[in-house]
Amino acid sequence: MNVTSSRGDRGIPAPLAWAAGMGAVVFGAGLGELTGAVFAPSSGPFAAVGGALIDLAPSWAKDTAIALFGTADKLALLVGMAIVVLLLAGFAGWLEARRPPWGRVTVVAFGAVGAVTAVTRADAGPLAWLPSAVAGVTGAIVLWWLIRMLRPAFPTTSRSATGAGAPPSRRTFLVWTGAAAAGGVLAALAASAMRTGSNALNAIRSVVLPSPAVAAPAVPAGAELGLPGLARVVTPNERFYRIDTALIVPAIDPADWSLRIHGMVEREVTLTWDEVLALPLEEGYTTLACVSNEVGGSLIGNALWLGYPVRELLARARPTSEADMVLSRSIDGFTASTPLEVLTDDRAAILAVGMNGEPLPAEHGFPARLVVPGLYGYVSATKWVTELEVTRFDRARAYWTDRGWSERGPIKLQSRIDVPRRGQGLKAGEVVIAGVAWQQHVGVAAVEVQIDEGPWQPAELATAISDDTWVQWSVPWTADVGDHLIRCRATSATGEVQTPDRARPAPDGATGWHERFVSVFA
Ligand SMILES: Nc1nc2c(c(=O)[nH]1)N[C@H]1C(S)=C(S)[C@@H](COP(=O)(O)O)O[C@H]1N2
Ligand SMILES: [Mo]
């Protein structure tokens with residue numbers, strides 16, 4: 001061994017260098033997440049970079065993610081990010097072994113990218129840069145230290161005793177690398193535990209909502225057919241679909257929350273949480289649907305919402321006559337553009353604080369969100385809402401409008417077959433075909449079913465809760481042995497028949513008939 005070998009040592013095996021990089025970066029990232037949990041809850045390195053990736057992603061990527069992973073799209077993103085980070089970390093380790101200090105520099109540079117990204121996020125606090133900076137700097141230091149251990153000149157082996165070449169104990173190196181990785185994982189777990197135990201989330205658990213000034217009429221007796229496999233007419237909170245761009249669910253302490261109504265108004269209005277709860281709140285059922293829902297898809301749910309009419313809130317602020325849109329904004333920067341006329345007509349468009357008799361769950365917008373009957377969620381249902389900006393469609397654009405989706409999103413007439421279930425083997429004889437149909441704020445007048453290209457036959461509609469909700473339907477069928485194709489289509493209360501023309505969700509909602517193949521056995 002000569003002197004130059006302590007720099008740019010070609011003797012360090014690549015796998016060890018990769019391991020050093022990964023161990024160091026896992027340690028740094030974990031410590032960064034922990035720093036985030038303590039000092040800047042929404043700005044952990046993964047949340048900041050992942051959030052930016054979500055915002056930067058083209059809309060085809062979002063479609064693909066939802067198509068592939070459904071409501072697990074965020075988990076998929078995090079797993080994907082973890083894989084990329086590990087590969088880059090391994091590469092940085094390799095670089096540090098071959099070309100010091102470029103491995104360390106790479107790790108610091110990634111930290112810097114994270115820090116800059118975090119600062120530019122909508123919900124960035126003053127310390128948003130800190131978690132990623134901690135991650136980058138500690139990752140680099142640990143990397144330098146681990147790689148140094150692999151070099152012959154590592155001081156724990158006495159220089160005088162150098163047998164030529166043999167690096168100081170690889171075992172020591174592996175133990176420390178493993179310890180670094182384990183420490184990083186523990187720090188990340190601690191960070192996640194702190195998030196779930198945070199003040200804001202505790203506040204959610206302790207919120208007690210007032211009882212409604214205007215209660216919803218009871219669900220009609222005939223609204224729930226109660227068939228196994230058929231979506232329940234009221235979706236329990238834990239089964240309600242979740243779609244949003246928030247990688248980390250915003251944790252908002254209601255004491256810090258307020259709603260600001262501003263823009264083209266005569267009088268700017270701000271409401272605190274206590275002020276909202278003191279209002280005469282109204283309760284009603286509305287079925288929420290996502291524009292990304294494919295024909296037959298499950299991104300739809302019906303709940304009992306408690307809240308205050310947006311119409312009344314706007315009346316306090318008095319929109320000017322030129323205004324035609326309300327841009328609602330979430331604490332995380334998401335925006336939705338809702339036509340002013342929809343928010344001021346007589347429908348139950350509300351600032352919601354309760355869902356199915358409980359405070360809004362964190363994933364569904366605690367402390368407050370919008371719910372607007374008749375519009376897809378992306379143009380109306382802003383969760384974690386903090387601002388209503390009264391404006392015009394030709395002056396402002398919403399989150400998804402900027403990504404190629406339609407600026408207006410009335411919900412399209414649709415129907416879905418729930419039973420027989422997909423892939424369910426059927427016994428020949430009497431069976432029931434059943435599903436749901438919807439066109440919120442218009443209403444469904446009829447559903448028909450077609451078997452094997454035969455004549456359309458009327459299904460029996462259950463009692464609808466209201467025109468703002470979906471309705472269950474069913475039809476008896478004497479199934480004979482063989483393969484069959486079942487289709488359904490709805491007719492709206494205004495006489496529109498659901499179109500067979502297939503359209504993808506983008507840019508303003510899927511169309512076409514839902515169909516299901518079933519095999520009937522003897
Ligand atoms: N803050 C915020 N609100 C949001 C979104 C979002 O990404 N961020 N997504 C919207 C979309 S696309 C839909 S379909 C509904 C879904 O509401 P849910 O998750 O409560 O079912 O929320 C809407 N509100
Ligand atoms: Mo959506």
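Residues numbered from 1 in each chain as written. Chains lettered and ligands numbered in written order. Predicted model: local features only at pLDDT ≥ 70, side-chain atom pairs only at ≥ 80, totals over all residues. Heavy atoms only, no water.

Description of the overall build of the protein chain
Within the protein chain, the regular secondary structure consists of eleven helices and 19 strands. Expressed along its principal axes, the backbone C-alpha trace of the protein chain runs to roughly 95 × 70 × 40 Å. With 522 residues in all, the protein chain has 50% of them scored as buried. Contacts in the protein chain between residues at least 24 apart in sequence constitute 75% of all its contacts with a sequence separation of at least 6. On the protein chain, roughly 22900 Å² of surface is accessible, and the fraction owed to carbon and sulfur atoms is 60%. (Helix = DSSP H or I, 4+ residues; strand = E, 2+ residues; numbered from the N terminus. Buried < 20%, exposed > 50% of the residue type's maximum accessible area, 1.4 Å probe, protein only. Contact = heavy atoms within 4.5 Å. Areas by Shrake-Rupley, 256 points an atom, 1.4 Å probe, with all protein chains shown as cover.)

Overview of the sheet that holds strand 1 (residues 258–263)
As summarised here, the arrangement of the five strands in space is 2-1-10-5-6, forming an open sheet in which the pairing is mixed. The outermost strands of the open sheet, each flanked by one partner alone, are strand 2 (269–272) and strand 6 (335–339). Direction aside, the axes of adjacent strands within the sheet are offset by 15 degrees on average. Relative to strand 2, strand 1 runs antiparallel, the two being bridged by four bridges. Within the sheet, the bridge partner assigned to leucine 259 lies in strand 2 and is leucine 271. (Pairing = 2+ DSSP bridges. Axes fitted to C-alpha atoms, helices over the stretch in contact; angles between N-to-C directions.)

Details of the pairing of strand 14 (residues 444–451)
The buried fraction of strand 14 amounts to six of the eight residues, a majority that puts the element mostly inside the structure. Two successive antiparallel strands, strand 14 and strand 15 (residues 457–458), enclose a turn made up of five residues, where aspartate 452 displays a positive phi of approximately 50 degrees.

Here we look at the site of ligand 1
Residues in close proximity to ligand 1 total 19 residues, the closest being Tyr241, Thr245, His364, Arg369 and Lys383. Contacts to ligand 1 include serine 330, whose side-chain N or O atom sits 3.1 Å from a nitrogen atom. Between ligand 1 and alanine 381, the relevant distance is 3.0 Å, taken from a nitrogen atom to a main-chain nitrogen or oxygen of the residue. Coverage of ligand 1 by the protein amounts to 99% of the 530 Å² it exposes when considered alone. (Near = heavy atom within 4 Å. Polar contact = N/O pair within 3.5 Å; in protein donor to acceptor, adjacent residues only side chain to side chain.)

Digging into helix 6 (residues 130–149)
End to end, helix 6 covers 29 Å across 20 residues, agreeing with the expected 28 Å (1.5 Å per residue, within 8%). Of all 20 residues in helix 6, 14 are buried; the element is thus mostly enclosed. (Expected span 1.5 Å × (residues − 1).)

Side note on the pairing of strand 10 (residues 385–391)
For strand 10, a buried count of six out of seven residues is recorded, marking the element as mostly surrounded by other parts of the structure. In the sheet, strand 1 pairs with strand 10 via four bridges, with the strands oriented parallel. Each residue of the ladder has a partner; that of arginine 260, found in strand 10, is glutamate 387. Looking at chain direction, strand 5 (residues 325–330) and strand 10 are connected through six bridges and run antiparallel. By the bridge assignment for strand 10, serine 328 is matched with leucine 388.

Comments concerning the pattern of salt bridges
All chains considered together, the criterion is met by 22 salt bridges. Notably, a salt bridge pairs arginine 329 with glutamate 389, separated by 3.7 Å at the nearest N-O pair. One end of the pair, arginine 329, is in strand 5; the other, glutamate 389, is in strand 10, and 60 residues separate them in sequence. Residue arginine 329 is classed as partly exposed on the basis of its relative accessible area of 23%. The residue aspartate 418 makes a salt bridge to arginine 416 at a minimum N-O spacing of 2.7 Å. For the pair aspartate 418 and arginine 416, one class covers both residues: buried. The network of salt bridges with common partners includes Asp73, Lys74, Arg242, Asp244 and Lys383. (Salt bridge = Lys/Arg side-chain N within 4 Å of Asp/Glu carboxyl O.)

Some thoughts on the sheet that holds strand 17 (residues 471–479)
Strand order in the open sheet formed by four strands is 11-13-17-16, with antiparallel pairing between adjacent strands. Since the sheet does not close on itself, it has two edges, and those belong to strand 11 (414–419) and strand 16 (460–461), each with one partner. Sheet topology places strand 13 (residues 429–438) next to strand 17; nine bridges connect them, and they run antiparallel. What sits directly across from valine 431, in strand 17, is tryptophan 477.

Considerations on the environment of threonine 172
Here threonine 172 lies in helix 7 (residues 170–196). Separated by 22 residues in the primary sequence, threonine 172 and leucine 150 place their C-alpha atoms 9.5 Å from one another.

Thoughts on the domain arrangement of the protein chain
Each assigned domain of the protein chain is listed with its residue range as follows: domain 1 (14–196), domain 2 (221–403) and domain 3 (414–521). Of the residues lining the interface, 16 residues belong to domain 1; the matching set on domain 2 comes to 15 residues. For the pairing of domain 1 and domain 2, the buried interface totals around 1500 Å² over both sides, and the portion due to carbon and sulfur atoms is 65%. Linking domain 1 with domain 2 are one salt bridge, by the criterion used here. A salt bridge links lysine 74 to aspartate 244; the nearest nitrogen and oxygen atoms lie 3.5 Å apart. Here domain 1 and domain 2 share three residue pairs in polar contact (both at pLDDT 80 or more) between them. Elements represented by at least two residues in the side of domain 1 that touches domain 2 include exactly helix 2 (45–56), helix 3 (59–69) and helix 4 (73–98). Take the side of domain 1 that touches domain 2: its biggest share by element is six residues, from helix 2. Taken together, the residues of the side of domain 1 that touches domain 2 break down into seven nonpolar, four polar and five charged. (Domains from an automatic or database assignment. Buried area = accessible area lost by both parts, 1.4 Å probe. Nonpolar A, V, L, I, M, F, W, Y, C, P; charged D, E, K, R; others polar.)

Examining the packing of aromatic side chains
Following the criterion strictly, the structure yields eleven aromatic pairs and no others. Residues tryptophan 456 and tryptophan 513 carry aromatic rings whose centres are separated by 5.0 Å and whose planes lie at 70 degrees to one another, so their mutual orientation is edge-to-face. Linking tryptophan 456 in the loop between strand 14 and strand 15 with tryptophan 513 in the loop between strand 18 (482–492) and strand 19 (514–521), this pair joins segments that are 57 residues apart in sequence. These aromatic residues form a ring-pair network of at least three members: Phe334, Tyr378, Tyr399, Trp400 and Trp405. (Phe/Tyr/Trp six-rings, centres within 6.5 Å; stacked < 30°, edge-to-face > 60°.)

Some thoughts on the confidence of the model for the protein chain
Per-residue pLDDT for the protein chain averages 92, and the proportion of residues at 70 or more is 95%. Under a pLDDT of 50 for its full length, residues 1–9 has, in the predicted model, 14 contacts with residues more than four places off or in other chains. pLDDT under 50 marks residues 156–164. Its contacts with residues more than four places away, or in other chains, come to three contacts. (pLDDT = per-residue confidence, 0-100.)

Describing the side chain of threonine 106
Considering the arrangement of structural elements, one finds threonine 106 in helix 5 (residues 102–120). Dropping the residues within four chain positions of it, threonine 106 is found in contact with Ala92 and Leu95.

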